[in-house]
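Structural overview for review
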Amino acid sequence: LGLYPGADPETYIEHDPFTQDACLECHPDPSSMQLDLNDTDACVRCHEEIETQHEVMHGAVVARACLWCHNPHLSPYPYLMRESGPGVCLQCHRAGLLESPIIEGEEPVSDCLECHFGHGGPAPNFLRPEVEQEDYHMRGDGSGDDLER
């Protein structure tokens with residue numbers, strides 16, 4: 001079920017269908033309880049609004065790659081994240097994998113989600129409103145895709 005070594009199960013965040021033994025809400029075929037990381041129709045059935053909640057959406061959300069970042073059952077991390085911000089984000093946002101790697105993400109001491117929305121935002125950099133734009137220095141084409149701190 002995805003227990004995390006060293007994490008206290010008493011502090012886990014649990015997905016409602018999981019805690020209510022409503023397995024068939026996400027697993028409509030009882031003969032196959034496995035979900036493929038790329039098959040997230042189960043997520044979208046209940047969380048459809050996520051796909052359009054921001055003006056600019058994260059590519060992972062558009063691709064419905066929910067299970068790359070979220071655990072469908074339980075997690076010691078907020079929002080049922082598989083890992084903390086850097087661990088989840090750096091599985092894709094690392095040098096050489098995307099056109100615009102996240103520069104400050106190279107330092108695993110910062111939690112990306114403290115400054116950025118995970119699902120999208122008002123601009124391509126997904127900065128949260130409380131983060132001061134002055135804290136960031138633009139580089140590249142000025143689109144905000146490639147910010148460094």
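Read on for a plain summary of the structure.

Observations concerning the pattern of salt bridges
Applying the stated criterion to the full structure yields two salt bridges. Asp 41 is the partner of Arg 64 in a salt bridge, and the nearest nitrogen-oxygen pair spans 3.2 Å. Taken together, the residues Arg 64 in the loop between α3 (59–62) and α4 (66–69) and Asp 41 in helix α2 (residues 41–46) connect sequence positions 23 residues apart. Of the charged contacts, one joins Arg 64 and Glu 51 as a salt bridge, the two residues approaching to 2.6 Å between their closest N and O atoms. Taken together, the residues span a long stretch of sequence, with Arg 64 in the loop between α3 and α4 and Glu 51 in the loop between α2 and β2 (56–57) at a distance of 13 residues. By sharing partners, the salt bridges in this structure join Asp 41, Glu 51 and Arg 64 into a single network.

Some thoughts on the environment of Ser 75
Tracing the backbone through its elements, the reader meets Ser 75 in strand β3 (residues 74–75). Its relative accessible area of 0% is what places Ser 75 among the buried residues. For the pair Ser 75 and His 15, spaced 60 residues apart in the sequence, the C-alpha separation amounts to 8.8 Å. Beyond its immediate chain neighbours, meaning those up to four positions away, Ser 75 contacts Tyr 4, Tyr 12, Ile 13, Leu 80 and Met 81. Here Met 81 takes part through its backbone oxygen, which lies 2.5 Å from a polar atom of the side chain of Ser 75.

Focus: the state of the cysteines
In total, this model carries zero disulfides according to the counting rule given. In this model Cys 69 remains outside any disulfide bridge; the closest cysteine sulfur is found in Cys 89, 6.9 Å from its own. With a relative accessible area of 17%, Cys 69 lands in the buried category. In this structure Cys 112 is a free cysteine whose sulfur lies 3.8 Å from that of Cys 89, the closest cysteine sulfur available. Residue classification places Cys 112 among the buried residues on the basis of a relative accessible area of 11%.

Let's talk about unusual backbone geometry
Its identity is not glycine, yet Tyr 79 carries a phi of approximately 60°, on the positive side. Take Tyr 79: it is sitting in the loop between β3 and α5 (85–89). Despite not being glycine, Leu 80 shows a phi value in the positive range, around 55°. In this structure, Leu 80 sits in the loop between β3 and α5. Overall, the relative accessible area of 12% leaves Leu 80 in the buried class.

Scoring rules and cut-offs
Residues numbered from 1 in each chain as written. Predicted model: local features only at pLDDT ≥ 70, side-chain atom pairs only at ≥ 80, totals over all residues. Heavy atoms only, no water. Salt bridge = Lys/Arg side-chain N within 4 Å of Asp/Glu carboxyl O. Helix = DSSP H or I, 4+ residues; strand = E, 2+ residues; numbered from the N terminus. Buried < 20%, exposed > 50% of the residue type's maximum accessible area, 1.4 Å probe, protein only. Contact = heavy atoms within 4.5 Å. Polar contact = N/O pair within 3.5 Å; in protein donor to acceptor, adjacent residues only side chain to side chain. Disulfide = S-S within 2.5 Å.

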